[in-house]
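Single-letter residue listing:
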Amino acid sequence: MALRCGRWWRRPAWSRTRPPPARSPLSFCRLFSTQELTPQICVVGSGPAGFYTAQHLLKHHPRARVDIYEKQLVPFGLVRFGVAPDHPEVKNVINTFTQTARSDRCAFWGNVVVGRDVSVPELREAYHAVVLSYGAEDHQALEIPGEELSGVFSARAFVGWYNGLPENQELAPDLSCDTAVILGQGNVALDVARILLTPPEHLEKTDITEAALGALRQSRVKTVWIVGRRGPLQVAFTIKELREMIQLPGTQSILDPADFLGLQDRIKEAPRPRRRLTELLLRTATEKPGVEGAACQAVASRSWGLRFFRSPQQVLPSPDGQRAAGIRLAVTRLEGAGEATKAVTTGDTEDLPCGLVLSSIGYKSRPIDPSLPFDLTLGVIPNMEGRVVDIPGLYCSGWVKQGPTGVIATTMNDSFLTGQALLQDLQAGLLPSGPRPGYAAIEALLSGRGVRPVSFSDWEKLDAEEVSRGRGAGKPREKLVDPQEMLRLLGSGA
Ligand SMILES: Cc1cc2nc3c(=O)[nH]c(=O)nc-3n(C[C@H](O)[C@H](O)[C@H](O)COP(=O)(O)OP(=O)(O)OC[C@H]3O[C@@H](n4cnc5c(N)ncnc54)[C@H](O)[C@@H]3O)c2cc1C
């Protein structure tokens with residue numbers, strides 16, 4: 001069986017073995033309900049990709065069991081540790097994930113690092129299928145001199161700091177400088193700029209950590225530059241996030257009208273979202289504010305701006321050589337057309353004084369297990385519609401499958417497709433046919449290795465504790481950030 005699957009799983013074989021796709025979820029249910037097998041499936045990672053894949057499997061197979069393994073003590077991935085605290089509505093997806101986790105055919109096992117505490121081959125042995133949904137945790141390095149100076153951080157670590165990610169709690173960014181520079185012009189860059197410039201009292205009722213809020217109260221950062229290699233037509237943020245920046249209380253926008261010359265005509269043919277976004281940028285840059293707007297600007301004590309056609313070349317050190325004191329930007333111009341437009345340096349440079357440099361130029365997945373194929377160039381697991389190439393019974397979904405772009409809704413659709421591919425393979429007899437032990441086998445391994453998994457009901461205790469700690473301050477929760485304390489609260493020795 002293994003041999004046959006191994007041959008069938010190779011790339012060209014997919015087109016031959018793939019069952020017809022047009023089967024409705026309903027007919028899946030009917031089909032599976034006549035079979036005896038209880039498919040044991042495991043998912044690695046409890047972010048949106050993991051939970052949406054699990055949701056699809058449980059919904060469309062009446063007996064499938066899904067165990068979700070997570071390396072953090074708590075579930076929900078970037079919904080908890082990425083999404084900005086002042087965007088609570090985005091976090092409502094947690095309610096759906098909680099419903100999934102409460103299903104008696106689903107289990108959550110936090111505090112288990114796959115690739116360290118348990119290997120992927122061990123999981124494959126214990127389950128009929130394994131879905132890798134472990135996201136893209138690494139950030140792209142700038143690879144420029146001075147990157148190691150104090151005051152230079154990845155935006156991802158900065159986000160983890162204010163969102164309570166345990167490993168980022170020691171970040172302690174020094175916010176005593178006047179100017180911060182963010183490299184990259186995507187939504188994460190705008191999230192970070194917004195958090196830096198929002199009057200702290202507006203964040204008091206969010207789930208931002210108390211420590212981060214305290215530091216933001218002391219912050220002297222007044223100006224944030226958001227720097228992009230390319231031009232206004234290539235920004236990667238979306239209109240909602242841009243509008244929030246434009247309307248940020250006590251803050252004015254600095255956009256140079258010269259950057260937008262001739263754009264009005266060029267965007268006529270652009271897709272609607274790009275056109276609307278560019279029109280908003282254009283209006284903000286060129287229109288005189290009304291009476292109300294002018295009054296707001298007059299009292300604004302903070303500002304943010306977009307700098308285009310600039311590529312980071314070097315972080316400039318302070319006189320003692322310890323801290324970042326500025327950034328040298330190479331001036332660029334565009335070559336090529338459309339989405340493929342590339343920025344090339346012109347030879348000119350510009351120095352921008354700043355005490356904080358946050359790089360937000362993208363993320364990368366990492367290989368977590370030597371047995372896995374991994375595309376180091378694209379930073380994803382090579383796959384065909386979620387089926388990991390050459391490895392029967394192994395699937396992937398979310399950012400580790402598609403690359404680190406796209407919002408939760410994109411991840412949801414993509415994860416449903418992976419779930420569907422898996423169920424199709426199950427139906428086509430491409431997964432191991434006999435029973436599999438599932439968690440029972442992994443539990444024995446973990447206990448032998450001294451790992452104490454955190455169940456979903458454990459998480460619900462931590463959740464209740466967080467909610468209760470936030471109550472006094474009127475916050476939705478005060479996040480627990482110390483894993484030892486969390487384990488103590490669960491009654492297990494640290
Ligand atoms: C800063 C930031 C803000 C964002 N804001 C928004 C927003 O406002 N709205 C929106 O729609 N989208 C937003 N997104 C995008 C959204 O978060 C992603 O689309 C989505 O989280 C991707 O889901 P995922 O499950 O693939 O990855 P993740 O959410 O990263 O989940 C991966 C999970 O796998 C776990 N894991 C990693 N390695 C292992 C291992 N070895 N063993 C076990 N578990 C492991 C991780 O701890 C994590 O819980 C934001 C992204 C970022 C980075």
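This write-up is about the structure you can find in this document. (Residues numbered from 1 in each chain as written. Predicted model: local features only at pLDDT ≥ 70, side-chain atom pairs only at ≥ 80, totals over all residues. Heavy atoms only, no water.)

1. Let's talk about the overall build of the chain
1) Next: Scanning the chain for helices and strands turns up 19 helices and 18 strands.
2) Next: By the compact-globule yardstick of 23 Å for 494 residues, the chain fits well, its C-alpha radius of gyration being 25 Å.
3) Next: By principal-axis analysis of the C-alpha atoms, the chain measures approximately 70 × 55 × 45 Å.
4) Next: For the chain, buried positions account for 52% of its 494 residues.
5) Next: A fraction of 75% describes how many contacts in the chain between residues 6 or more apart in sequence connect residues 24 or more apart.
6) Next: Counting only carbon and sulfur atoms, one obtains 53% of the accessible surface of the chain, whose full area is about 22100 Å².
7) Next: In the chain, the 57 positive side-chain charges and the 53 negative ones have mean positions that sit 6 Å from each other. (Helix = DSSP H or I, 4+ residues; strand = E, 2+ residues; numbered from the N terminus. Rg over C-alpha atoms; globule rule 2.2 N^0.38 Å. Buried < 20%, exposed > 50% of the residue type's maximum accessible area, 1.4 Å probe, protein only. Contact = heavy atoms within 4.5 Å. Areas by Shrake-Rupley, 256 points an atom, 1.4 Å probe, with all protein chains shown as cover. Lys, Arg positive; Asp, Glu negative; His and termini not counted. Charge placed at Lys NZ, Arg CZ, Asp CG, Glu CD.)

2. Quick notes on helix α13 (residues 272-286)
Along an α-helix, residues three or four positions apart point the same way, because every turn accommodates 3.6 residues.
1) Next: Between its terminal C-alpha atoms α13 stretches 21 Å, which fits the 21 Å expected from 15 residues at 1.5 Å a residue.
2) Next: Among the residues of α13, Leu277, Thr278, Leu280, Leu281, Leu282 and Ala285 are the ones counted as buried.
3) Next: As for α13, its buried residues are in contact with α11 (239-246), α12 (263-266) and β10 (302-307). (Expected span 1.5 Å × (residues − 1).)

3. A closer look at the sheet that holds strand β6 (residues 152-154)
1) Next: Strand order in the open sheet formed by six strands is β6-β14-β7-β8-β10-β9, with parallel pairing between adjacent strands. Strands with a single pairing partner mark the edges of an open sheet, and in this sheet they are β6 and β9 (251-254). The sheet shows a mean angle of 20° between the axes of neighbouring strands, taken without regard to direction.
2) Next: Looking at chain direction, β9 and β10 are connected through four bridges and run parallel. Opposite serine 253, over in β10, you have tryptophan 304 as the bridge partner.
3) Next: Those strands touched by helix α9 (residues 187-197) are β7 (179-183), β8 (223-227), β9, β10 and β14 (356-359), and its axis lies near 175° from that of β8. (Pairing = 2+ DSSP bridges. Axes fitted to C-alpha atoms, helices over the stretch in contact; angles between N-to-C directions.)

4. A few points about the pattern of salt bridges
1) Next: Applying the stated criterion across every chain, the model contains 34 salt bridges.
2) Next: Salt-bridge contacts for lysine 461 lead to aspartate 458; the nearest nitrogen and oxygen are separated by 3.7 Å. Remark: aspartate 458 and lysine 461 occur in helix α18 (residues 456-471); sequence separation between them is three residues, near one turn of the helix.
3) Next: Since its relative accessible area comes to 8%, aspartate 458 is described here as buried.
4) Next: Connected through salt bridges with shared partners, the residues Glu204, Glu210, Arg217, Lys475 and Glu478 form a single ionic network. (Salt bridge = Lys/Arg side-chain N within 4 Å of Asp/Glu carboxyl O.)

5. Comments concerning the state of the cysteines
1) Next: Taken as a whole, this structure holds zero disulfides when the rule is applied.
2) Next: In this structure cysteine 106 is a free cysteine whose sulfur lies 11 Å from that of cysteine 42, the closest cysteine sulfur available.
3) Next: Cysteine 177 takes part in no disulfide bond, and the closest cysteine sulfur, belonging to cysteine 354, lies 7.5 Å away.
4) Next: Taking relative accessible area as the criterion, cysteine 177 reaches 15% and is therefore assigned buried. (Disulfide = S-S within 2.5 Å.)

6. So, the side chain of serine 359
1) Next: Position of serine 359 relative to the elements: it lies in strand β14.
2) Next: With sequence-adjacent residues up to four places away left out, serine 359 is seen in contact with His139, Gln140, Leu142, Phe153, Ser154, Ala155 and Leu183.

7. Examining the packing of α11 against α13
1) Next: The interhelical angle for the contact between α11 and α13, taken along N-to-C directions, is 15°, at an axis separation of 10 Å. It follows from the interaxial angle that α11 and α13 lie roughly parallel. The chirality of how α11 crosses α13 is left-handed. Every residue of α13 that contacts α11 at Ile239, Leu242, Arg243 and Ile246 is listed here: Arg276, Leu277, Leu280, Leu281 and Thr284.
2) Next: A class-by-class count of the residues in the contact of α11 with α13 yields six nonpolar, one polar and two charged. (Parallel < 35°, antiparallel > 145°, perpendicular 65-115°, else oblique. Left-handed = near helix turned anticlockwise from the far one by under 90°. Nonpolar A, V, L, I, M, F, W, Y, C, P; charged D, E, K, R; others polar.)

8. As for the site of the ligand
1) Next: Contacts to the ligand come from 32 residues, most closely from Ala49, Glu70, Val114, Trp399 and Ile408.
2) Next: Within the backbone of proline 48, an N or O atom sits 3.4 Å from an oxygen atom of the ligand.
3) Next: Take valine 407: an N or O atom from its main chain is 3.5 Å from an oxygen atom of the ligand.
4) Next: Bound to the protein, the ligand loses 93% of the 1000 Å² it would expose on its own.
5) Next: Broken down by secondary-structure element, the contributors of at least two residues to the shell around the ligand are α4 (48-60), α9 and α16 (408-427). (Near = heavy atom within 4 Å. Polar contact = N/O pair within 3.5 Å; in protein donor to acceptor, adjacent residues only side chain to side chain.)

9. Regarding the packing of aromatic side chains
1) Next: Inspection of every chain in the model, using the stated rule, returns 15 aromatic pairs.
2) Next: A ring pair is formed by tyrosine 52 and phenylalanine 416, whose centres lie 5.7 Å apart and whose planes are at 90°; its orientation type is edge-to-face. Of this pair, tyrosine 52 sits in helix α4 while phenylalanine 416 is found in helix α16, placing the two residues 364 residues apart along the sequence.
3) Next: Judged by centre distance (6.3 Å) and plane angle (85°), the ring pair of tyrosine 69 and tyrosine 127 falls under edge-to-face. You can see tyrosine 69 sitting in strand β2 (residues 65-69) and its partner tyrosine 127 sitting in the loop between α7 (120-126) and β4 (129-132), a full 58 residues away along the chain. We note that tyrosine 69, like tyrosine 127, is buried.
4) Next: Put simply, the rings of Phe51, Tyr52, Phe76, Phe97, Phe108, Phe416, Phe456 and Trp459 touch in pairs and so form one group of aromatic residues. (Phe/Tyr/Trp six-rings, centres within 6.5 Å; stacked < 30°, edge-to-face > 60°.)

Function cannot be read off these values alone, since they describe shape.
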